[in-house]
Amino acid sequence: MTKPYVYITRKLDEASLTPLKEVAHVEMWPSEDEPCPREELETQAAKADALLTMLSDQIDEPLLSKAPNIKVVANLAVGYDNIDLEAAKKHGITVCHTPDVLTESTADLAFALLMASARRIVEASDWIKDGNWTGWGPLLLAGADVHHKTLGIVGMGSIGTALAKRAKGFNMNVLYHNRSRKPEAEAQLGVTYAAFEELLKQSDFIVCLTPLTPETKDMFNEKAFDLMKNSAYFINVSRGQTVNEDALYEAVTTGKIAGAGLDVFRQEPVSPSHPLTTLPNVTVLPHIGSASVETRKTMMRLCAENIALVLQDEPAKTPVRL
Ligand code: DGY
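Residues numbered from 1 in each chain as written. Predicted model: local features only at pLDDT ≥ 70, side-chain atom pairs only at ≥ 80, totals over all residues. Heavy atoms only, no water.

- The name an unreviewed UniProt entry gives the protein chain is Glyoxylate/hydroxypyruvate reductase B, with Bacillus safensis as the organism.

**A few points about the overall build of the protein chain**
Here is step 1 of the chain: Along its length, the protein chain carries 12 helices and 12 strands.
Here is step 2 of the chain: Whereas a compact globule of 322 residues would reach a radius of gyration of roughly 20 Å, the protein chain reaches 21 Å, a difference of no more than 12%.
Here is step 3 of the chain: Taking the principal axes of its C-alpha atoms as reference, the protein chain extends roughly 75 × 50 × 30 Å.
Here is step 4 of the chain: Burial statistics for the protein chain: of 322 residues in total, 49% are counted as buried.
Here is step 5 of the chain: Summarising the internal contacts of the protein chain: among those between residues at least 6 apart in sequence, 58% fall at separations of at least 24.
Here is step 6 of the chain: As displayed, the protein chain offers around 15700 Å² of accessible surface, 53% of which is attributable to carbon and sulfur atoms. (Helix = DSSP H or I, 4+ residues; strand = E, 2+ residues; numbered from the N terminus. Rg over C-alpha atoms; globule rule 2.2 N^0.38 Å. Buried < 20%, exposed > 50% of the residue type's maximum accessible area, 1.4 Å probe, protein only. Contact = heavy atoms within 4.5 Å. Areas by Shrake-Rupley, 256 points an atom, 1.4 Å probe, with all protein chains shown as cover.)

**Quick look at the UniProt feature "domain: D-isomer specific 2-hydroxyacid dehydrogenase catalytic" (unreviewed entry) in the protein chain**
Here is step 1 of the chain: In the UniProt entry, the feature "domain: D-isomer specific 2-hydroxyacid dehydrogenase catalytic" (unreviewed entry) is given for residues 6-320.
Here is step 2 of the chain: Between the first and last C-alpha atoms of residues 6-320 the distance is 19 Å; the span itself is 35% helix and 14% strand. (UniProt positions renumbered as here; feature names shortened; annotations may be inferred.)

**Regarding the pairing of strand S4 (residues 72-75)**
Every other side chain in a regular strand lies on the same face of the sheet, so the side chains alternate between the two faces.
Here is step 1 of the chain: Residues Val-72 and Ala-74 line one face of S4 and the alternating positions Val-73 and Asn-75 line the opposite face, and both faces are buried.
Here is step 2 of the chain: Bridging between strand S3 (residues 50-53) and S4 involves 4 bridges; their strand directions are parallel. By the bridge assignment for S4, Leu-51 is matched with Val-73.
Here is step 3 of the chain: The sheet contact formed by S4 and strand S5 (residues 94-96) spans 3 bridges and is parallel. Looking at the pairing, Ala-74 lines up with Cys-96 of S5.
Here is step 4 of the chain: For the handedness criterion, the β-α-β arrangement of S4, helix H4 (residues 85-90) and S5 is classed as right-handed. (Pairing = 2+ DSSP bridges. Right-handed = clockwise from strand over helix to strand, strands pointing away.)

**A closer look at the nonpolar core**
Soluble globular proteins tend to pack their nonpolar side chains together in the buried interior.
Here is step 1 of the chain: Judged by nonpolar contacts, the single largest core of 54 residues is most densely connected at Val-6, Ile-8, Leu-12, Leu-52, Leu-151, Ile-153 and Ile-307.
Here is step 2 of the chain: Broken down by element, this core gets its largest block of residues, 8 residues, from helix H12 (residues 293-311).
Here is step 3 of the chain: There are two domains that each give this core at least three residues, and those are domain 1 (5-99 + 293-311) and domain 2 (103-284).
Here is step 4 of the chain: Sequence-distant contacts of Ile-307, defined by excluding residues within four places in its chain, comprise Val-6, Leu-20, Ala-50, Leu-51, Leu-52, Val-72 and Ala-74.
Here is step 5 of the chain: Counting residues in hydrophobic clusters, the runner-up holds 27 residues, among them Phe-196, Ile-206, Phe-265 and Leu-279. (Core = buried A, V, L, I, M, F, W, Y, C linked by side-chain atoms within 4.5 Å. Domains from an automatic or database assignment.)

**Remarks on the pattern of salt bridges**
Here is step 1 of the chain: One pass over the structure, following the stated rule, counts 17 salt bridges.
Here is step 2 of the chain: Close ionic contact of Glu-42 with Arg-38 constitutes a salt bridge, the shortest N to O distance being 2.9 Å. Of this pair, Glu-42 and Arg-38 both sit in helix H2 (residues 38-47), 4 residues apart, which is roughly one turn of the helix.
Here is step 3 of the chain: Of the charged contacts in the structure, one is a salt bridge between Lys-256 and Glu-250, with a shortest N-O distance of 2.7 Å.
Here is step 4 of the chain: Lys-256 sits in the buried class, given a relative accessible area of 18%.
Here is step 5 of the chain: Several salt bridges share partner residues, and in doing so they unite Arg-38, Glu-42 and Asp-60 into one network. (Salt bridge = Lys/Arg side-chain N within 4 Å of Asp/Glu carboxyl O.)

**Here's the deal with the domain arrangement of the protein chain**
Here is step 1 of the chain: What the domain assignment lists for the protein chain is domain 1 (5-99 + 293-311) and domain 2 (103-284).
Here is step 2 of the chain: Look at where the C-alpha atoms of domain 1 and domain 2 centre, and you get two points 31 Å apart.

**Here's the deal with the sheet that holds strand S9 (residues 205-208)**
Here is step 1 of the chain: With parallel pairing, the 7 strands of this open sheet are ordered in space as S8-S7-S6-S9-S10-S11-S12. Here the strands that pair on one side only, and so sit at the sheet edges, are strand S8 (192-193) and strand S12 (282-284).
Here is step 2 of the chain: Examined bridge by bridge, strand S6 (residues 150-154) and strand S7 (residues 173-177) share 5 bridges and lie parallel to one another. Residue pairing in the sheet places Gly-152 in a bridge with Leu-175 of S7.
Here is step 3 of the chain: Lying over the sheet, helix H7 (residues 158-169) contacts S6, S7 and S9, oriented at roughly 175° with respect to S6. (Axes fitted to C-alpha atoms, helices over the stretch in contact; angles between N-to-C directions.)

Here is the structure:
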């Protein structure tokens, strides 16, 4: 019997795929950082039994309607806003993602970006490398304190909770906003629920960790930045589409807020000439929230495991509920 065919849209660590290769014929797009072109993805999807996809691949009705054999799409991310779930449901396709395994790594990155923004770490490093350091100065590259400040977390899922734990270690006061209240986190971590506008008004650091949905799209708009303190920092480790980037640019250049730390952009990869990437008080990263070698390999293994299970008519380990 011929093995089912699995197509992977980016070059992944071979060793993480070994168990999958025992049950399937696996092919990969050969580049680690250049995305698989749409035309190639369509050609591969048309003959594949399963896809292992990246968050940069659009998995939509036009693609799935021409992919009659696909049983499972496993996305190498916890977010799955790049996948049309309605279309997947219509075609009887299981969609999988990688929750839990990236929680701690992504919370580490979110806190690192917060610290880097507040204490001007990247700006200071660049400043030395550009040959500017001629002498020590009392307020040279002075930033803002993090300890004992108020952190506002928007999106209190598992990553938000892990971020709150880190913040408590810095004696921060933690507010959160979420669709539903989190009594456990309130009792165990001493975090406080706040309405969105209240959180924006009171926080010194606002961290966006919410999934991208029709409700969260553009939620950080001109009105939201107007409500923030002039000394506040906005940190985004969620999805670029939660932010109106023109409004954010206006806020950081007119002193409505002190700065921003961005791991995500509306259009990725972001251009080096994008207005937000030109500002010293905006720290920018190339969507590396979960990018530790250990975590990314764990995510690869989880995707491979999910595909192998579904291809063998077993339930997936981490399916998205359709
Ligand atoms: C995810 O998993 O959704 C993250 O954005 C990847 O860093």
